[in-house]
Structures are given as C-alpha cells and as structure tokens.
Amino acid sequence: MNKERLVTLAKILGVVVCLYLFLVGIGGMGYSFKLFGNEFSEKILKATDSAFVGLFIGILATTIVQSSSTTTSVIIGMVAAEAIGVRSAIFMVMGANIGTTVTAKLVSLGHITRKAEFRRAFAASSVHDTFNLITVSLLFPLEYFFHVLEYAATWMGRIFVDFTGITKPENYLKKITKPSIESLADLLDKVPWLVLLVSIIITFIMLWSIVKLLQSLVLQKLEAFFDTYLFRNTATAFIVGIFLTVAVQSSSITTSLIVPLAGAGVLRLQQIFPFTIGANIGTTITGLLAALAVAGQPGIDPKLVIAGAAIAFAHFLFNAFGAIIFLPSKRVREIPVQFAEWLAELCLRNRAIPIAFIILFFYIIPIIITWTTIAEVLRK
C-alpha cells in the first residue's frame, strides 16, 4: 500500500515537473523567433496568409504528432512571437481539430480482421471527424468573411489577460520560467533554429509525458466504470467527455479509448457522439496553459499575450459552437451518426478502403496543398 502511494506521489510530482518544462518549451519557441529576426517572421506570415493553406497545415501538423493540444500550443507560441497572424492561426486550429481524429481511426484498424467489430469500431472513430468536418464547413466561411471567431476570441483574450494579470511585472509564472528560457537559449549559444527545435521537442515530450502520467493516474481508476452507466444519457456522456479529457489532457486518448468499447458492442454511436463533443471541449484547456506560458517570454508585449490567448479561446469557441449545433436536437445528432455508419459500411466492401482513406485524407492531400508553403519557408 505504501509503495502504491509513493508511486502515485511520484507520478503527481512528475506531472508538476513536466508541466513546468512544457511552459518553458512554449516560451522557448517564442524566444527563438525573436532570435530569427523580423525578416524570418515576415516570411512565415506571408507564406501562411492563405486561410485554406492554414487549414491544411493544421491538419498535417496534427496528423503527424497526433495531438491537437500540441499543435495548438505551438501555434499559440508562434502567434505570441509574431511569426503567424491571429487570422491564419485560427484556420490552423480548425485543421488541428480535424487532424486529431486520425488517432481513433488508426485504433479502429486493430479490428479490421473481424467484420462486425470493425464496422462498429470504424463508425465510432468516424463520428469524431464527422463532427469536426461539419463544424469546419459551417465556421470556415463565417470566419473567412466575417471573422466571428477572431473578434469573439480576442475579446475573451483581453478579459482573460486582465483577470489573470499575467502581463504584470509581478507575474510569478513569468518569474519562474524566464530564467529557464534564457538559460536554455544560452546553453544552445542562442542559435535560433536550435533553440526552436529543442523548444518544440521539449513541448512535445512534456505534453506526451503529462498525458501518459495522468492517463495512468486517472484511467486505471475509471476502467471499471466505463460502461453504459457513464453514458446513460446525452448530458452525462458530454460531461464525462469534458472532465475525462481535462484530466488526461488529450482528446486523442479519450476518443480512442471508446473505439474498442464500440467494437465490442458495449457502446452505441448515439452514446459515443456527445462524449466525443465533450472531449473536444475538454482538450482546449491545454491551449489556455500555453497562453499562460507565453507571458513568461522575456520582454513580451501584452498585445501578443492577448493574441496568444485569443487562439486558445478560438479553439474553445470552435468546439463550443459545434456543441451548440448538435447537442440540443436528437435529429441533428443523428446526421454525423448516420454518415459514420454509411462510411463504415463503405469500408467493409474492401479492407483497403479505410487504409487508403486515412493515408489520402490525413497525409497525401495536406502534404500536396501545403508543400509550396513549407518549401518557401525552408528556403530561408
């Protein structure tokens, strides 16, 4: 018993240490872009100015790291460093929401040799991307023409900065992260690309470690309750999705967790869908942590802190908007469920179809669309 408690305490301490290093990683990215200079930032701004390209950059980046939390955190760091604009970043966040669904898709392939299980598992994974695709299709034109997310998120960002006081000189977060950020840069001789690379690696590894540690602390306790009791109605499933994802800091983990349960016939798509929406909202808390982290960058302009916070709130508003569309009406909730079932039936005709779909939709198309942009930045 004592050994179990010591292990639990060690894991909690590990979460705290990883969280601190995660904040340092975010701050280090912003610091690196300052080392690159204005010319490099302007080049990225120009290359990512297209809303359509920004969307697919978000899809591709998140597909590679399989975490919208990581992608969004990096985007917030870049916005705070003036490497990309708020408008472009919002479209990237939309893409990140689509890209994060690839994890559940890959998990569903584990059932591909068992026809009935695979149909249920693939359909369960598809309600996640269907929700995000429909929400993007509705919000993309509204944002492109009217900037609804940008205006609302910037307003919320200002309130967040004023309420938390994170731009004030006595901000303790800034005090504890600034020395580590500067020490990291000094250790790497302030070589811009090296500071950026190491900062991204630190951010990714620390967020991955936080997810794994929290997963071992939380999910083991909930395995016995992952049955129809937690999904007895739409509201319960939605709330469970939010809090479980906040607890483990990864919607990819929580949405992938229910795929095998769906494959086994324990959960129905009608139960899974509200849980998925809740998971999408729960994962936005990481963006707020990243927004707090940017305030720790040495000499950061308060306006850039607001811009970073705006991206975090845009991520939240995107998913909240989707929840408002789908949750109130049972008939509307059936739309993504029916589409997911149709897609699963289509994939049963030939087992190569789901594999081709994943490779084409999540990798090939985004690479083709973003290649020119990526090449232009790399030519620097």
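As the structure is a prediction and not an experimental result, all values here were calculated from the model. (Residues numbered from 1 in each chain as written. Predicted model: local features only at pLDDT ≥ 70, side-chain atom pairs only at ≥ 80, totals over all residues. Heavy atoms only, no water.)

Visitor: Teacher, can you tell me more about the environment of L138 here?
Guide: Mapped onto the elements of the fold, L138 is located in helix α7 (residues 115-146). For L138, a relative accessible area of 38% gives the class partly exposed. Remark: the alpha-carbon pair of L138 and F321, spanning 183 residues in sequence, is separated by 9.8 Å. Excluding residues within four positions of it along the chain, L138 makes contact with F321 and I325. (Helix = DSSP H or I, 4+ residues; strand = E, 2+ residues; numbered from the N terminus. Buried < 20%, exposed > 50% of the residue type's maximum accessible area, 1.4 Å probe, protein only. Contact = heavy atoms within 4.5 Å.)

Visitor: How should I be thinking about a nonpolar patch on the surface in this particular structure?
Guide: Together, L6, L9, I12, L13, V16, V17 and L21 make up a nonpolar patch on the protein surface, roughly 650 Å² of accessible area in all. Assignment of secondary structure puts L13 in helix α1 (residues 2-36). Given a relative accessible area of 56%, L13 falls into the exposed group. (Patch = residues over 30% accessible without salt bridge, like charges linked within 9 Å, V, L, I, M, F, W, Y side chains within 5 Å. Areas by Shrake-Rupley, 256 points an atom, 1.4 Å probe, with all protein chains shown as cover. Salt bridge = Lys/Arg side-chain N within 4 Å of Asp/Glu carboxyl O.)

Visitor: Looking at this structure, I do not really get the packing of α1 against helix α14 (residues 285-294). What am I missing?
Guide: Direction vectors running N to C along α1 and α14 enclose 65°, while the axes themselves pass 8 Å from each other. Of the two possible hands of crossing, α1 and α14 adopt the one that is right-handed. Contacts from L19, F22, L23 and I26 of α1 reach α14 at T286, L289, A290, A293 and V294. Across the contact of α1 with α14, the residue classes break down as eight nonpolar, one polar and no charged. (Axes fitted to C-alpha atoms, helices over the stretch in contact; angles between N-to-C directions. Left-handed = near helix turned anticlockwise from the far one by under 90°. Nonpolar A, V, L, I, M, F, W, Y, C, P; charged D, E, K, R; others polar.)

Visitor: Any chance you could explain the pattern of salt bridges here in plain terms?
Guide: Close approach of charged atoms lets side chains of opposite charge pair. Applying the stated criterion to the full structure yields four salt bridges. With a closest N to O distance of 2.3 Å, D129 and K105 form a salt bridge. Taken together, the residues span a long stretch of sequence, with D129 in helix α7 and K105 in helix α6 (residues 102-108) at a distance of 24 residues. Side by side, D129 and K105 carry an identical accessibility label, which is buried. Between D186 and K190 there is a salt bridge, and its shortest N-O distance comes to 3.9 Å.

Visitor: How should the packing of helix α3 (residues 51-65) against helix α4 (residues 68-80) be read in this particular structure?
Guide: Any two packed helices are characterised by the angle at which their axes cross and by the distance between the axes. It is at 8 Å that the axes of α3 and α4 come closest, and there the two elements cross at 130°. Of the possible angle classes, the one that applies to α3 and α4 is oblique. When you trace α3 past α4, the crossing you get is right-handed. Residues G58, A61, T62 and V65 of α3 form the contact with α4, whose participating residues are S68, T70 and T71. Tallied by class, residues from the contact of α3 with α4 come to two nonpolar, five polar and no charged. (Parallel < 35°, antiparallel > 145°, perpendicular 65-115°, else oblique.)

Visitor: Sorry, what's going on with helix α15 (residues 302-326) here?
Guide: Every α-helix winds through 3.6 residues per turn, so residues three or four apart in the chain are directed the same way. With 25 residues, α15 ought to run about 36 Å at 1.5 Å a step, and its terminal C-alpha atoms sit 36 Å apart, in line with that. The backbone nitrogen of K303 lies 3.0 Å from a side-chain oxygen of the residue at the head of α15, namely D301. (Expected span 1.5 Å × (residues − 1). Polar contact = N/O pair within 3.5 Å; in protein donor to acceptor, adjacent residues only side chain to side chain.)

Visitor: Looking at this model, I keep getting lost on the packing of aromatic side chains. Mind explaining?
Guide: How two aromatic rings sit relative to each other is given by the distance of their centres and the angle of their planes. Here the structure, examined in full by the defined rule, presents 13 aromatic pairs. Centre to centre, the rings of F140 and Y144 are 6.3 Å apart; their planes meet at 10°, and the pair counts as stacked. With F140 and Y144 both in helix α7 and four residues apart, the pair spans about one turn of that helix. Taking relative accessible area as the criterion, F140 reaches 18% and is therefore assigned buried. Aromatic side chains F160 and F313 sit 5.6 Å apart centroid to centroid with 75° between the ring planes, which places their arrangement in the edge-to-face category. On the criterion of sequence distance, the pair formed by F160 in helix α8 (residues 148-164) and F313 in helix α15 is long-range, its members being 153 residues apart. The buried category is assigned to F313, whose relative accessible area is 12%. Taken together, the aromatic side chains of F91, F140, Y144 and F145 make up a single cluster linked through ring pairs. (Phe/Tyr/Trp six-rings, centres within 6.5 Å; stacked < 30°, edge-to-face > 60°.)

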